[in-house]
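Chain and residue survey
Single-letter residue listing:
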Amino acid sequence: MDLEARKISFVQEFLRLQSEEIVIGLENLLHKQKVELLDQEMKSMNIEQFNKEIDQSLDDAKNARIVSAKDLKSKIQKWG
């Protein structure tokens, strides 16, 4: 079963729940897992990775592969 099918199955099972305790437990578990995942993603990078990302950013700016804050704000305002 692929991830999408598993999520659909989980949601269907979740919607059949009648126990508030189980719902609270699942909410707490989801929150805990999301926090742990974010912590893992936010861990300090080593100096080589840091320098590589700086070099990539400078190269992007040099080769006009960036969007200015002003242009981004203008695009976002058109969304609404």
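Refer to the preceding data block for the structure.
Residues numbered from 1 in each chain as written. Predicted model: local features only at pLDDT ≥ 70, side-chain atom pairs only at ≥ 80, totals over all residues. Heavy atoms only, no water.

**Quick look at unusual backbone geometry**
Among all residues except glycine, the phi angle is most often negative; among peptide bonds, the trans geometry is most common. Stated precisely, the cut-off is as follows: Using a 1.4 Å probe on the protein chains alone, a residue whose accessible area is under 20% of its type maximum counts as buried, one over 50% counts as exposed, and one in between counts as partly exposed.
You will see that A64, though not glycine, has its phi angle at about 55°, which is positive. According to the relative accessible area criterion, A64 is exposed, its value standing at 64%.

**Overview of the layout of surface pockets**
Just so we agree on the cut-off: Both cavities and pockets are sets of points on a 1 Å grid over the protein atoms alone; in a cavity a 1.4 Å probe fits but cannot get out, in a pocket the set is open with protein on both sides within 12 Å along at least five of seven lines, and lining residues sit with an atom within 4 Å of a point. Grid points are joined across faces, edges and corners, and a volume is the space filled by probe spheres set on the points. The helix count covers DSSP runs of H or I at least four residues long, the strand count covers runs of E at least two residues long, and both are numbered beginning at the N terminus. Charged means Asp, Glu, Lys or Arg here, nonpolar means Ala, Val, Leu, Ile, Met, Phe, Trp, Tyr, Cys or Pro, and polar covers whatever is left, Gly included.
One number sums up the size of the largest pocket: a volume of about 210 Å³. Residue assignment for the lining of the largest pocket shows that the elements contributing at least two residues are α1 (3-16) and α2 (20-41). No other element matches the 5 residues that α2 contributes to the lining of the largest pocket. Looking at the lining of the largest pocket, its residues break down into 5 nonpolar, 1 polar and 1 charged.

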